Amino acid sequence: MTETERTRTEDLIAQLAAEARPVRPLRPPMLRALLWLLIAAAVIAAVVAMKGVRHARMVEMAETSYQLEWAGAMLTGILAAIAAFHVSLPDRSRRWALLPVPGLVFWLASMGYGCLTDWIRFGPDGFVLGTSFRCFTNIVMVSIPLWALLVAMLRFAGPVRPTATIVTGMLAASALVSCGVALFHPLDTTIMVLIWHGGSIALLVGLAKLFNRPLFALFAPRLAGQAG
């Protein structure tokens, strides 16, 4: 290297050092996940308070089948939120995306148990299908803002796994919202819960997976720019 080249290199290094700004390290993913969960809990509680808790639902919650379904949805949402904040980091394993699986299995198993108890109590009427588009709209309208907040909280993380981050984030939001909606929206049988709650969540998660990069660009433009 010539003296001129060495001087240019040193000048470049000095210029970069002068313009460099201190980088604030990210808070631990568990701490950020807890913060989001607290915000989500507050938002969902406010929605439930505005809608009003059904008295019949409180009576139903004394039954094991309903307790298991509600706990399964809650567990799925919590695990999915933790997974989203971990899987978005480049130094964490992509296996974090599998964290919600035990919650999903438990939730589906509890719904199977609920369908069985409905069959015992109501007979064939326990499998009568109905329509509840209001349930669907409630889950969608509350889930999307909470999911958007989660993605915005991940804007400083490297978008190394946008699909896994988007999907686990949407699963977290919609599963927790499902818990809240169940407290004020009447669905008589477990099969109805499976169709309208489970179907709403599956649709939202599917759309999140299909459009993960445009969604990043919409809700976290900084992430989208880094990904490009």
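Structure: above.
Residues numbered from 1 in each chain as written. Predicted model: local features only at pLDDT ≥ 70, side-chain atom pairs only at ≥ 80, totals over all residues. Heavy atoms only, no water.

Novice: In this structure, what is going on with the packing of helix α4 (residues 64–87) against helix α7 (residues 162–184)? I would like to understand it.
Specialist: Each packed pair of helices is defined by two parameters, the angle between the axes and the distance between the axes. Packing of α4 against α7 leaves a shortest axis separation of 7 Å and a crossing angle of 155°. Here α4 lies roughly antiparallel to α7, going by the angle between them. Judged by the sense of rotation from one axis to the other, the crossing of α4 with α7 is left-handed. Only Ala164, Thr165, Thr168, Gly169, Leu171, Ala172, Ala175, Leu176, Cys179, Ala182 and Leu183 of α7 make contact with α4, whose side of the interface consists of Trp70, Ala73, Met74, Thr76, Gly77, Ile78, Ala80, Ala81, Ala83, Ala84 and Val87. Class assignment for the residues of the contact of α4 with α7 results in 17 nonpolar, 5 polar and no charged. (Axes fitted to C-alpha atoms, helices over the stretch in contact; angles between N-to-C directions. Helix = DSSP H or I, 4+ residues; strand = E, 2+ residues; numbered from the N terminus. Parallel < 35°, antiparallel > 145°, perpendicular 65-115°, else oblique. Left-handed = near helix turned anticlockwise from the far one by under 90°. Contact = heavy atoms within 4.5 Å. Nonpolar A, V, L, I, M, F, W, Y, C, P; charged D, E, K, R; others polar.)

Novice: So what exactly am I meant to see when it comes to α7 here?
Specialist: End to end, α7 covers 34 Å across 23 residues, agreeing with the expected 33 Å (1.5 Å per residue, within 8%). Summarising burial for α7: 22 of the 23 residues are buried, a large majority. (Expected span 1.5 Å × (residues − 1). Buried < 20%, exposed > 50% of the residue type's maximum accessible area, 1.4 Å probe, protein only.)

Novice: I tried to follow the pattern of salt bridges on my own but got confused; where do I start?
Specialist: Note on pairing: side chains with opposite charge can pair once their charged atoms come close. By the definition in use, this model includes 1 salt bridge. With a closest N to O distance of 3.8 Å, Asp91 and Arg92 form a salt bridge. The exposed category is assigned to Asp91, whose relative accessible area is 60%. (Salt bridge = Lys/Arg side-chain N within 4 Å of Asp/Glu carboxyl O.)

Novice: Explain the packing of helix α2 (residues 29–51) against helix α6 (residues 133–153) here, please?
Specialist: In contact at an axis separation of 11 Å, α2 and α6 are set at 155° when each is read in the N-to-C sense. The angle between α2 and α6 falls in the class roughly antiparallel. The way α2 lies across α6 gives a crossing that is right-handed. Between α2, through Arg32, Leu35, Trp36, Ile39, Ala40, Val43, Ile44, Val47 and Lys51, and α6, the contact on the second element is made entirely by Asn138, Val142, Leu146, Leu149, Leu150 and Met153.

Novice: It is not clear to me how the environment of Gly112 should be interpreted in this structure. Could you clarify?
Specialist: Locating Gly112 in the fold gives a position in helix α5 (residues 101–122). Linking Gly112 and Glu69, residues 43 residues apart in sequence, is a C-alpha distance of 9.4 Å.

Novice: Would you mind showing me how to read the environment of Ser88 here?
Specialist: Mapped onto the elements of the fold, Ser88 is located in the loop between α4 and α5. Ser88 sits 59 residues away from Pro29 along the chain, and the two C-alpha atoms are 9.3 Å apart.

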